[in-house]
Each structure stands twice: as C-alpha cells, then as structure tokens.
Amino acid sequence: MATKPVLYSYFRSSCSWRVRIALAMKGIAYEYKAVSLLKGEQMQEKYQVLTPMAQVPSLEIDGFVINQSLPIIEYLDETRGEPALLPKDPKQRCIVRQISEIINSGIQPLQNLKILKYVGDDKKLEWGHKFIDEGLAALEKMLKTTAGKYSVGDEVTMADLCLVPQVYNAGRFKVDMSKFPTISRINAALGELDAFIAAHPNKQPDCPDDLK
Ligand SMILES: N[C@@H](CCC(=O)N[C@@H](CS)C(=O)NCC(=O)O)C(=O)O
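Note that this is a predicted model, so its numbers are computed, not measured.

(A) The confidence of the model for the protein, seen in detail. Of all residues in the protein, 99% have pLDDT values of 70 or greater, and the mean over the chain is 96. For this predicted complex, the interface confidence score (ipTM) comes to 0.99, while the overall pTM stands at 0.97.

(B) Local environment of the packing of helix α4 (residues 90–106) against helix α7 (residues 158–172). One can describe the packing of α4 onto α7 by two numbers: an axis separation of 8 Å at closest approach and a directional angle of 25 degrees. When the axes of α4 and α7 are compared, the pair comes out roughly parallel. Remark: the crossing between α4 and α7 carries left-handed chirality. Taking contact as the criterion, the partners of V96, R97, I99, S100 and I103 in α4 are, on α7, M158, A159, C162, L163 and Q166. Its residues placed into classes, the contact of α4 with α7 shows seven nonpolar, two polar and one charged.

(C) Structural context of unusual backbone geometry. Note that the residue after V56, namely P57, is joined by a cis bond; omega there is 5 degrees. Locating P57 in the fold gives a position in the loop between α2 (45–48) and β3 (58–61). For the bond running from E82 to P83, omega is 0 degrees, close enough to zero to count as cis. Assignment of secondary structure puts P83 in the loop between α3 (69–79) and α4. We note that A54 has phi near 55 degrees; this positive angle belongs to a residue other than glycine.

(D) Region of interest: the side chain of T157. Structurally, T157 is set in the loop between α6 (124–146) and α7. Classification of T157 by relative accessible area gives buried; the value is 3%. Contacts of T157, omitting those with residues within four sequence positions, involve L85, P87, V96 and V152.

(E) Quick peek at the sheet that holds strand β2 (residues 31–34). Across the sheet, four strands lie side by side as β2-β1-β3-β4; this open sheet has mixed pairing. In this open sheet, the two strands that pair with only one neighbour each are β2 and β4 (64–67). The mean angle between the axes of side-by-side strands here comes to 20 degrees, regardless of whether they run parallel or antiparallel. For β3 and β4, the ladder comprises four bridges, and the chain directions are antiparallel. Bridging from a neighbouring strand, E60 pairs with V65 of β4. Contacts from helix α1 (residues 14–25) reach β1 (6–9), β2 and β3, with the element oriented near 150 degrees to β1. Relative to the sheet, α3 contacts β3 and β4, its axis offset from that of β4 by approximately 125 degrees.

(F) The UniProt feature "domain: GST N-terminal" (unreviewed entry) in the protein, seen in detail. UniProt annotation of "domain: GST N-terminal" (unreviewed entry) refers to residues 3–84 when read in the numbering used here. In residues 3–84, helix accounts for 33% and strand for 20%; the two terminal C-alpha atoms are 23 Å from one another.

(G) Fine view of the packing of aromatic side chains. Counting across every chain of the model gives five aromatic pairs. Ring geometry for W17 against Y168: centres 5.0 Å apart, planes inclined by 80 degrees, an arrangement best described as edge-to-face. Of this pair, W17 sits in helix α1 while Y168 sits in helix α7, and the two are 151 residues apart along the sequence. Residue W17 is classed as buried on the basis of its relative accessible area of 1%. Above the plane of the ring of F131 lies K130, whose end atom (NZ or CZ) is 5.5 Å from the centre.

(H) Seen up close, the pattern of salt bridges. Evaluation of the coordinates by the stated rule reveals nine salt bridges. Here D209 and K212 are joined by a salt bridge, their closest N and O atoms 3.7 Å apart. With respect to class, D209 is no different from K212; both count as exposed.

Reading guide: rules and limits
Residues numbered from 1 in each chain as written. Predicted model: local features only at pLDDT ≥ 70, side-chain atom pairs only at ≥ 80, totals over all residues. Heavy atoms only, no water. pLDDT = per-residue confidence, 0-100. Axes fitted to C-alpha atoms, helices over the stretch in contact; angles between N-to-C directions. Helix = DSSP H or I, 4+ residues; strand = E, 2+ residues; numbered from the N terminus. Parallel < 35°, antiparallel > 145°, perpendicular 65-115°, else oblique. Left-handed = near helix turned anticlockwise from the far one by under 90°. Contact = heavy atoms within 4.5 Å. Nonpolar A, V, L, I, M, F, W, Y, C, P; charged D, E, K, R; others polar. Buried < 20%, exposed > 50% of the residue type's maximum accessible area, 1.4 Å probe, protein only. Pairing = 2+ DSSP bridges. UniProt positions renumbered as here; feature names shortened; annotations may be inferred. Phe/Tyr/Trp six-rings, centres within 6.5 Å; stacked < 30°, edge-to-face > 60°. Lys NZ or Arg CZ within 6 Å of the ring centre and 35° of its normal. Salt bridge = Lys/Arg side-chain N within 4 Å of Asp/Glu carboxyl O.

Dropping the structure here:
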C-alpha cells in the first residue's frame, strides 16, 4: 500500500495554506507535520534536509520531496484527479499563472517572516501594509478583467488558492479591503467552499486553541 503524502506546514503560513487547499480539493489524505516558524523550526537541520531554503511548505509524495507551493500544486494537478486547478486552454492557463505569480513573487515574499524580522518590529507593520496594499491594487485591476465567480472565470483555479491566504494576510496588516471590491467578492465566495474551510489556519492541528 502506498504511504500517505506528508505535508510540512505551519498553520498560518500562506504558502502552506495554498497547498492544503489543493490537497483538500483533490481529496488527497495526508499526514500533517507541523513546522513552527515562530520557534524557528524551519532553521533546524532536520528540516533543511528537505529544503535548503528553510521555508514551508514541503510535500513528500510519490517517493520524493517537493518544495515551492506552486510547483507542488502543479504536480498534484498533473498527477491526481479532478477538479483541475489549471485550465486546459493555454491563454487561460497563462492568466492563472500570472495572477498566481503576482501573489507568489510580487506580494508574499515582501511580507515573509524573515524579511519582517530584518525590517524590525518598529517598521514591520508599515512595511507589510505598503507592499500588500500596492500588490492588491494591481491585482484588483487585473481581476476586473479576468474574474467570473472566481479569479479566472467560474472555476476554482490555482490563482484562487493564492488569493485567499493573501487576503487573510492583508487583514493581519490592516489593509483596507473595501478598496478592493472584486478581490473581496471572490474571497468571500471562496471562503464558503469546503476545501477552503478545511484548509483554513484555524482548522489546523498546530493552531493554538486561543486562535481557533
Ligand atoms: N515561494 C515559496 C515561499 C515559501 C515561504 O515563503 N514560506 C514562508 C511561510 S509562507 C516561510 O517558511 N517563512 C519562513 C521564514 O521566513 O523564516 C513557496 O511558494 O512555497
């Protein structure tokens, strides 16, 4: 019998959250191994064997370890069943990847834990707010042209898996989401789906009780 995939995750990690949604959407059972970013467990040798980047998520699956949430999601999409998380049409597929990269490369890395530590406690809120706010403003313009019910048309795609955790982070940095009605509408619609509910930070085994 094949062993279950193992997800190395932190409950509040937005990149881990993307992968948790993908696993839930595809109905893949997995073992959850918590890596506490707060305690710096990502820096430990036993985790760095999985990824020299010292970041979550990592997914052990099919006899290898994958890092980087978007390649993980694409691998699951290519090797596992429905629902598809990337459209078949090359142009639509490209748009999904563009939106995903706006978040994955253009917003999330600028508000990642190690950047915020470097920026320092007195500046980190202002810093994170600035880059999330600017990034979401660009995204709002883009989504106005691509969205249906969700980010790209009416099917849930990888772009949506990136969107919801980023909006949650926007809340942590006190970004005024009323400026972004399209993003807010899509985020609310996605928040009602079972896979997104199951993948939410407050449903994870490492979420402290007082945050549930
Ligand atoms: N591009 C990577 C980014 C991974 C990443 O930034 N992970 C964050 C949590 S969302 C992390 O582990 N941060 C640890 C740190 O900054 O020390 C991915 O998509 O998986």
